[in-house]
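Observations on the three-dimensional arrangement
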Amino acid sequence: MVTTTVWRLGYASRFFVYLLAHSGTALRRFRLTVREIYFAGVLSLIIILVSGLFVGMVLGLQGYDTLQRYGSSEALGVLVALSLVRELGPVVAGLLFASRAGSAITAEIGLMKATEQLSAMEMMAVDPIARVVAPRFWGGVLSMPLLAALFSAMGIFGGYLVGVVLIGVDEGAFWSQMQAAVDVRNDILNGVIKSVVFGVAVTLIAVFEGYDSVPTAEGVSRATTRTVVTSSLAILALDFVLTALMFTGGN
Amino acid sequence: MNRSTIDLWVGVFVAIGLGALLFLALKVGNLASFSTAETYRVDARFANIGGLKVRAPVKSAGVVVGRVADIAFDNESYEAVTVLRIDSQYKFPRDTAAKILTSGLLGDQYIGLEAGADARILKDGERLRITQSAVVLENLISQFLFSKAAEGGDAKGGK
C-alpha cells in the first residue's frame, strides 16, 4: 500500500518534469491551449461568479452582525476584503475549480486512454503528453488565477451590496478603510501567488489521474473521484503552508 | 469549426479576469495611493517605539504625508532608529517634532509630525532631533501607583 503510494508519487514527479519539458507544442500552437482555457475557465465562470457573490453576501451579513457589537461596523469592508483576497478567494475558487474543471479533465483524458486514442496517437508518432496533456495543464494553470480574482472581486461586490446597499454601512468608510488596510503586495499579490500554486496543483493532479487511470469504465470513475478528493486536500494543505509562510513572517 | 467564437469567449474571460485583478489592486488595495512621487528620507530616534510597525503612516495635522520605511535598533545608544519616507511635496522645518501616537483607544500606532518654526527646511538624510516616545501603558500605571503611594505617605507624615 505504502509502496504503491510512493511509487505513484515518483511517477507523478517524473510525469510533471516530462510535462514541463514537452510543453513547447502547447505554447507554440497556442490555439490548443486557448481551447482548453475555454473549457476550464470560461465554462467555470458562472459557478465562480455566483458562488463569489453569495460568499461575499454571507460574509457581509455575518461580519456586520459581529462587528456592530463592538461598534465598528465601518470595518466591514476590511473584513470582507481581507478574508476574500487572502483566503476564501483562492481556496474556494480552487475547490470549485477542482470539482468543475479538474474532474472534467480527468474524465476526458481517462476516456481517451480507455478508448485507446492515446495509444493511437503514439502509433502516429504524436506525443500524447505534448498534444493532449500539456494544453490542458497550461489552460488550467492560466485560468485559475483569473477565476480566483473574479471570485474575490465578485465577493467584495456582494459584501458591498449587503453591507452598504441593504444594511446601510457608510459607503465612504467601507471603501476607504478597505483601501487603508489592504496592501497590494502583502495581501493581493500573495492571494494571486496562492491561486497560481493551487492552479498548478489541481491541474497537475487532474491530468495525472486521467493519464494514470485504469482504462476501464470503473477505472475512469475512480480516477475522477480521486482527482476531486486529492486536489481538495492538496488545496487545503498547501493553503496552510502558504499562509504560514506569507502572513506570519512579519511578526 | 467555430474556433473564432471560442477565441472571442476566451478573450472576454481574460479581459474580465484582468479587470478583476485591476479592481482588486486599485479599488480594494492601495496601489492608487502609492504615488510614484519623489520622497525624501528622514531619521528619527525614539527611546521606545511601542508597537510601531514598518509601513505605518506618518501624519501631520491628521494628513498622511509619508510612511515608516525602516525600523532598526541602535546598539550604542540603545535607541530605536526609524527611517521615515516623506512625500517631497510636503516640506517641514528642521525643528519639527516627531511623536508616536495611537489612532483611537486601541488602534494602530503612527508617527505624528508637529512643524516647528525654523526657517530652514528638512533635507534628505537629516534627523528629527525632537522626539517623544510611545506611551507604554504599564509605565503609566506604575507611575500612577507610585504617585498615589507618595500621596499616602505625605498624608501620614502630615499628621
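Residues numbered from 1 in each chain as written. Chains lettered and ligands numbered in written order. Predicted model: local features only at pLDDT ≥ 70, side-chain atom pairs only at ≥ 80, totals over all residues.

Let us look at the overall build of chain A. Secondary structure summary: chain A contains ten helices and zero strands in total. Written out in order from the N terminus, the α and β elements of chain A read α-α-α-α-α-α-α-α-α-α. Along the first, second and third principal axes, the C-alpha set of chain A runs to 70 × 35 × 35 Å. Within chain A, the fraction of its 251 residues that count as buried is 45%. A separation threshold of at least 6 residues defines the contact pool for chain A, and within that pool the share at least 24 residues apart is 87%. (Helix = DSSP H or I, 4+ residues; strand = E, 2+ residues; numbered from the N terminus. Buried ≥ 20, exposed ≤ 12 C-beta atoms within 10 Å, placed from the backbone. Contact = placed C-beta atoms within 7 Å.)

Our focus in this paragraph is the sheet that holds strand S7 (residues 126–128) of chain B. Residue and element names in this part refer to chain B. The strand order S7-S1-S4-S3-S2-S6-S5-S8 describes an open sheet built from eight strands, whose pairing is mixed. Both edges of this open sheet fall to S7 and strand S8 (130–132), since each of them pairs with a single strand only. The sheet shows a mean angle of 35° between the axes of neighbouring strands, taken without regard to direction. (Pairing = 2+ DSSP bridges. Axes fitted to C-alpha atoms, helices over the stretch in contact; angles between N-to-C directions.)

Residues and elements named next belong to chain A. Counted at 1.5 Å a residue, the expected span for helix H4 (residues 45–67) with its 23 residues is 33 Å, and the 32 Å between its end C-alpha atoms agrees. Of all the residues in H4, the buried ones are Ile48, Gly52, Val55, Gly56, Met57, Leu59, Gly60, Gly63 and Tyr64. Looking at the buried positions of H4, the neighbouring elements they touch are helix H5 (76–114) and helix H7 (128–167). (Expected span 1.5 Å × (residues − 1).)

The subject of this paragraph is the domain arrangement of chain B. The domain boundaries assigned to chain B delineate domain 1 (1–34) and domain 2 (39–141). Placing the centre of domain 1 of chain B and that of domain 2 of chain B at their C-alpha centroids yields a distance of 40 Å. (Domains from an automatic or database assignment.)

Moving on, we come to the interface of chain A and chain B. Buried accessible area, meaning the area lost when the parts come together, often serves as the stated size of an interface. Contact with chain A, which involves 23 residues of that partner, is made by 17 residues of chain B. Counting residues per element, the side of chain A that touches chain B draws most heavily on H7(A), which supplies six residues. When its residues are assigned to classes, the side of chain A that touches chain B shows 17 nonpolar, three polar and three charged. (Nonpolar A, V, L, I, M, F, W, Y, C, P; charged D, E, K, R; others polar.)

Here the focus is the packing of H5(A) against helix H10 (residues 217–247) of chain A. Angle between the axes and distance between the axes are the two parameters that describe a pair of packed helices. Residue and element names in this part refer to chain A. One way to put it is that H5 packs onto H10 with a least axis distance of 8 Å and a crossing angle of 150°. Comparing their axes, H10 and H5 come out roughly antiparallel. Judged by the twist between their axes, the crossing of H5 over H10 is right-handed. In this structure, H5 uses Val91, Gly94, Leu95, Ala98, Ser99, Gly102, Ser103, Thr106, Ala107, Gly110, Leu111 and Ala114 to contact H10, whose residues at the interface are Val220, Ala223, Thr224, Thr227, Val228, Ser231, Ser232, Ile235 and Asp239. Per-class residue counts for the contact of H5 with H10 are ten nonpolar, ten polar and one charged. (Parallel < 35°, antiparallel > 145°, perpendicular 65-115°, else oblique. Left-handed = near helix turned anticlockwise from the far one by under 90°.)

It is worth spelling out the packing of H4(A) against H7(A) at this point. Residue and element names in this part refer to chain A. One way to put it is that H4 packs onto H7 with a least axis distance of 7 Å and a crossing angle of 40°. Judged by the inter-axis angle, H4 sits oblique to H7. Relative to H7, the crossing made by H4 is right-handed.

Secondary-structure assignment places Leu43(A) in the loop between helix H3 (30–40) and H4. For the pair Leu43(A) and Ala101(A), spaced 58 residues apart in the sequence, the C-alpha separation amounts to 8.5 Å.

In this section: the pairing of strand S6 (residues 109–114) of chain B. Residue and element names in this part refer to chain B. Relative to S6, strand S2 (residues 57–60) runs parallel, the two being bridged by three bridges. Looking across to S6, one finds that Lys59 is bridged to Gly112. Sheet analysis places strand S5 (residues 97–102) next to S6, joined by six bridges and oriented antiparallel. From the neighbouring strand, Ala97 faces S6, where its bridge partner is Glu114.

Time to look at the pairing of S2(B). Inspection of the sheet shows S2(B) paired to strand S3 (residues 63–74) of chain B by four bridges, in the antiparallel sense. By the bridge assignment for S3(B), Val58(B) is matched with Gly66(B).

Bringing the environment of Glu79(B) into the picture now. Residue and element names in this part refer to chain B. Structurally, Glu79 can be placed in strand S4 (residues 79–87). C-alpha of Glu79 to C-alpha of Asn48: the two residues are 31 residues apart in sequence and 7.1 Å apart in space. The residues touching Glu79, leaving out its near neighbours within four places in the chain, are Arg45, Phe46, Ala47 and Asp74.

With that settled, the discussion passes to unusual backbone geometry. All names here are of chain A. Of note in this structure, Ala125 is not a glycine but carries a positive phi near 60°. Among the secondary structure elements, Ala125 is positioned in the loop between helix H6 (117–123) and H7. Judged by the 6 C-beta atoms lying within 10 Å of it, Ala125 is exposed.

Residue and element names in this part refer to chain A. Residue placement: Gly199 occurs in helix H9 (residues 184–211). For Gly199, a count of 27 C-beta atoms within 10 Å translates into the label buried. Not counting the four nearest positions on each side in its chain, Gly199 is found in contact with Gly140, Val141, Met144 and Pro145.

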